[in-house]
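Chain residues, written in single-letter form:
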Amino acid sequence: MARTQALVLWIAILASFVSFLDSSVINVALPAISRELGGGLSTQQWVVDAYLITLGSLILVAGSLSDLLGRVVVLRAGLIGFGATSVMCALAPTVEVLILARALQGAAGALLVPSSLALITSHFDGAPRAKAIGQWTAGTTVAFIAGPLLGGVLVDSVGWRWVFGINVLPIAVTLYLLGTLRAKDVRQVGVRIDYPGAVLCVLGLAGPVFALIEQGNYGWGSPPIMAPLILGILCLAGFIWRERTAQQPLLPLSLFNVRNFSVGNVATALIYAALSTGGFIVVLFLQQVAGFPATLAALALLPVSIVSILLSSWFGSLAGRFGPRWFMALGPALAGGGYLLMLGAELPVNYWTQLLPGILLFALGLSATVAPLTAAILGSVSERQAGIGSAVNNAVSRVAGLIGIALVGLVVAGQLDLGGFHRVVASTAVLLILGGIVSAVGIQNPVRKPEAKKGQHDAAGNTHLGQTFRRGR
């Protein structure tokens, strides 16, 4: 690997690391934030969802900006913005300021992931590119592992504000590395930003999410709930219309004509809504109801990351041999079974007997799901569309998590107790099992072509180098 390529890889990993870190670290800090700044469950939901609304709705815009202005320019702007808004979060005097800062942080975070991946694809080709993306994925996985544990330690030792303040260090290192990068930036000619589509997308997500979170405070029939709900639904309809008619849409709807892409994204929505909801409720329940300190609550889900690191690559290889369909079907079903086991939790909570068996079963199912799911979706589109396909799938997973968190208050009826925990756990299991059913019914494995001997020529004069595949219809 050339020096420039190694530098690009480190920049991409560190830039994405802070975005993923803030997605995984926040749940552990929520009880401490509520104790200091006030607010109940709806406040905690907003601290999470304000970030996800702007991140999920602007990530496609960020991809277009990266093409228009250049990967390095957008990445640098995202890093500076993320650092500044992290400081805003750390210094927030009220919960309202914190929620606003989290929304701005999500907007800055949206600039990081697409530009990081685009920087890799513009400096690597072929097999080295696949390896680099694999290393980038491993680096971001570390963020999911380190995030909750780091957050728990910080909350218990120096306070929740350092959960955000700690971002400044990796951002400063990344900006320094970016300043030493001597590489020509890549810009594409003729790219246009679909700003009306972006506005409709943000409003279409924010309105229903506001209604779902605040319905417990105002009631479903009240104008403060119905007005944003109706406006949001109309904006979502307008967004779909806009994407059908725009010359350069944020979301190319033609991608959804591909069966595995459309079915895979439906499965993604169900599965990732469950992942966000489950992680959110387990950590909150252990702290606010079971009385665990933040560090121990964070450690409770560590087995999920460890099992995923150990088994995800193996399941990905198996899915490459046998096709992704049954891994995507059975994996979520196993993961859902893990959450059903957690229905046995009672007070006082015994983590080892009441939660750990379900967490381990969930981890096994998740490991069998993620790599085949990603392979099925990205393998269903052409290499030319791989970038936008990945961005769409990333946005779907973020928006699904956003909606899942917003629904928690409705499921627990505004009060998190043992009964509310059981209801959310059951709902999480249902979402996972539905994701498996959708995959079993809709996903199609690649169909093998008859194997040709090496050196054999076909009618068109092409030389076969071994077994090839074609996608099933």
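Undergrad: Looking at this model, I keep getting lost on the overall build of the protein chain. Mind explaining?
TA: For the protein chain, the count of helices and strands is 17 helices and two strands. For the protein chain, the C-alpha radius of gyration of 22 Å lies close to 23 Å, the compact-globule estimate for 473 residues. Overall, the C-alpha framework of the protein chain stretches about 70 × 45 × 45 Å when taken along its three principal axes. Within the protein chain, the fraction of its 473 residues that count as buried is 52%. Sequence-distant contacts, at least 24 apart, represent 81% of the contacts inside the protein chain between residues at least 6 apart. As displayed, the protein chain has an accessible area near 20,500 Å², and 67% of this comes from carbon and sulfur atoms. Taken together, the 27 basic and 16 acidic charged side chains of the protein chain have centroids lying 13 Å from each other.

Undergrad: Could you clarify how one ought to interpret the side chain of Thr85 in this entry?
TA: Within the secondary structure, Thr85 sits in helix 3 (residues 71-91). Reaching out from Thr85, the side chain makes a polar contact with the backbone oxygen of Phe82 at a distance of 3.2 Å. Once residues within four sequence positions are removed from consideration, Thr85 is found in contact with Ala101, Leu104 and Gln105.

Undergrad: Looking at this structure, I do not really get helix 3. What am I missing?
TA: Each α-helix winds once per 3.6 residues, and so residues spaced three or four apart point in a common direction. Over its 21 residues, helix 3 extends 30 Å from the first C-alpha to the last, a length consistent with the 30 Å expected when each residue adds 1.5 Å. Within helix 3, burial applies to Arg71, Val72, Val74, Leu75, Gly78, Leu79, Phe82, Gly83, Thr85, Ser86, Cys89 and Ala90.

Undergrad: How should a nonpolar patch on the surface be read in this particular structure?
TA: On the surface, Leu340, Leu343, Val430, Ile433, Leu434, Ile437 and Val441 cluster together into a nonpolar patch covering about 570 Å² of accessible area. If you tally residues by element for the nonpolar patch, the top one is helix 17 (residues 418-442), at five residues. Relative to the helices and strands, Val441 is located in helix 17.

Undergrad: What should I look at first to understand the pattern of salt bridges in this one?
TA: Where side chains of opposite charge bring their charged atoms close, a pairing between them can arise. Applying the stated criterion across every chain, the model contains three salt bridges. Here Glu36 ties to Arg161 by a salt bridge, and the two come within 2.8 Å at their closest N and O atoms. Taken together, the residues Glu36 in helix 1 (residues 3-37) and Arg161 in helix 7 (residues 161-165) connect sequence positions 125 residues apart. For Glu36, a relative accessible area of 47% corresponds to the partly exposed category. Here Arg242 makes a salt bridge to Asp194, at a shortest N to O gap of 2.8 Å. Of this pair, Arg242 sits in helix 10 (residues 223-245) while Asp194 sits in the loop between helix 8 (168-180) and helix 9 (195-218), and the two are 48 residues apart along the sequence. Residue classification places Asp194 among the buried positions, given a relative accessible area of 2%.

Undergrad: Where do I start with the packing of helix 9 against helix 10 in this structure?
TA: Packed helices, taken two at a time, are described by their axes: the angle between them and the distance between them. Interhelical geometry of helix 9 versus helix 10 gives an angle of 155 degrees and a closest axis separation of 7 Å. Relative to helix 10, the element helix 9 lies roughly antiparallel. In this structure, helix 9 meets helix 10 at a crossing whose hand is left-handed. Of the residues that constitute the contact of helix 9 with helix 10, the class distribution is 17 nonpolar, six polar and three charged.

Undergrad: I keep staring at the nonpolar core and nothing clicks. Help me out?
TA: Across soluble globular proteins, nonpolar side chains have a tendency to be buried as a group. Formed by 131 residues in total, the largest nonpolar core has its most connected members in Leu98, Trp160, Leu286 and Leu355. Take this core: its biggest share by element is 20 residues, from helix 1. Among the nonpolar cores identified, the runner-up in size contains five residues, and Phe315, Ala319, Phe327 and Ala368 belong to it.

Undergrad: What exactly am I supposed to notice about the side chain of Ser397 here?
TA: Along the polypeptide, Ser397 turns up in helix 16 (residues 386-412). For Ser397, a relative accessible area of 14% gives the class buried. Among all residues touching Ser397, those that are not within four sequence positions of it are Thr268 and Tyr272.

Undergrad: Explain helix 5 (residues 112-123) to me, please; I cannot follow it from the model alone.
TA: The end-to-end C-alpha distance of helix 5 is 17 Å, a good match for the 16 Å that 12 residues give at a rise of 1.5 Å each. With 10 of its 12 residues buried, helix 5 lies for the most part within the structure. Within the span of helix 5, buried status applies to Leu112, Val113, Pro114, Ser115, Ser116, Leu117, Ala118, Leu119, Ile120 and His123.

Undergrad: Just checking my understanding: could you explain the packing of helix 2 (residues 41-69) against helix 3 for this structure?
TA: Between helix 2 and helix 3, the least distance of the axes is 8 Å, while the angle of their chain directions is 150 degrees. One finds that helix 2 runs roughly antiparallel with respect to helix 3. On the side of helix 2, the interface is formed by Tyr51, Leu65, Ser66, Asp67 and Leu69, while helix 3 contributes Arg71, Val73, Val74 and Phe82. Partitioning the contact of helix 2 with helix 3 into residue classes produces six nonpolar, one polar and two charged.

Undergrad: How should I be thinking about the packing of aromatic side chains in this particular structure?
TA: A ring pair, where both rings are aromatic, is described by two values, the distance of the centres and the angle of the planes. Counted under the stated rule, the structure contains eight aromatic pairs. Judged by centre distance (3.9 Å) and plane angle (10 degrees), the ring pair of Phe285 and Phe421 falls under stacked. Of this pair, Phe285 sits in helix 11 (residues 259-288) while Phe421 sits in helix 17, and the two are 136 residues apart along the sequence. The class for Phe285 is buried, based on a relative accessible area of 0%. Classification of Phe421 by relative accessible area gives buried; the value is 0%. Plain terms: the ring middles of Trp314 and Phe315 are 5.0 Å apart, the flat faces sit at 50 degrees to each other, and that makes the pair tilted. Following the ring pairs from residue to residue traces out a cluster consisting of Trp314, Phe315 and Phe327.

Conventions and cut-offs
- Residues numbered from 1 in each chain as written.
- Predicted model: local features only at pLDDT ≥ 70, side-chain atom pairs only at ≥ 80, totals over all residues.
- Heavy atoms only, no water.
- Helix = DSSP H or I, 4+ residues; strand = E, 2+ residues; numbered from the N terminus.
- Rg over C-alpha atoms; globule rule 2.2 N^0.38 Å.
- Buried < 20%, exposed > 50% of the residue type's maximum accessible area, 1.4 Å probe, protein only.
- Contact = heavy atoms within 4.5 Å.
- Areas by Shrake-Rupley, 256 points an atom, 1.4 Å probe, with all protein chains shown as cover.
- Lys, Arg positive; Asp, Glu negative; His and termini not counted.
- Charge placed at Lys NZ, Arg CZ, Asp CG, Glu CD.
- Polar contact = N/O pair within 3.5 Å; in protein donor to acceptor, adjacent residues only side chain to side chain.
- Expected span 1.5 Å × (residues − 1).
- Patch = residues over 30% accessible without salt bridge, like charges linked within 9 Å, V, L, I, M, F, W, Y side chains within 5 Å.
- Salt bridge = Lys/Arg side-chain N within 4 Å of Asp/Glu carboxyl O.
- Axes fitted to C-alpha atoms, helices over the stretch in contact; angles between N-to-C directions.
- Parallel < 35°, antiparallel > 145°, perpendicular 65-115°, else oblique.
- Left-handed = near helix turned anticlockwise from the far one by under 90°.
- Nonpolar A, V, L, I, M, F, W, Y, C, P; charged D, E, K, R; others polar.
- Core = buried A, V, L, I, M, F, W, Y, C linked by side-chain atoms within 4.5 Å.
- Phe/Tyr/Trp six-rings, centres within 6.5 Å; stacked < 30°, edge-to-face > 60°.

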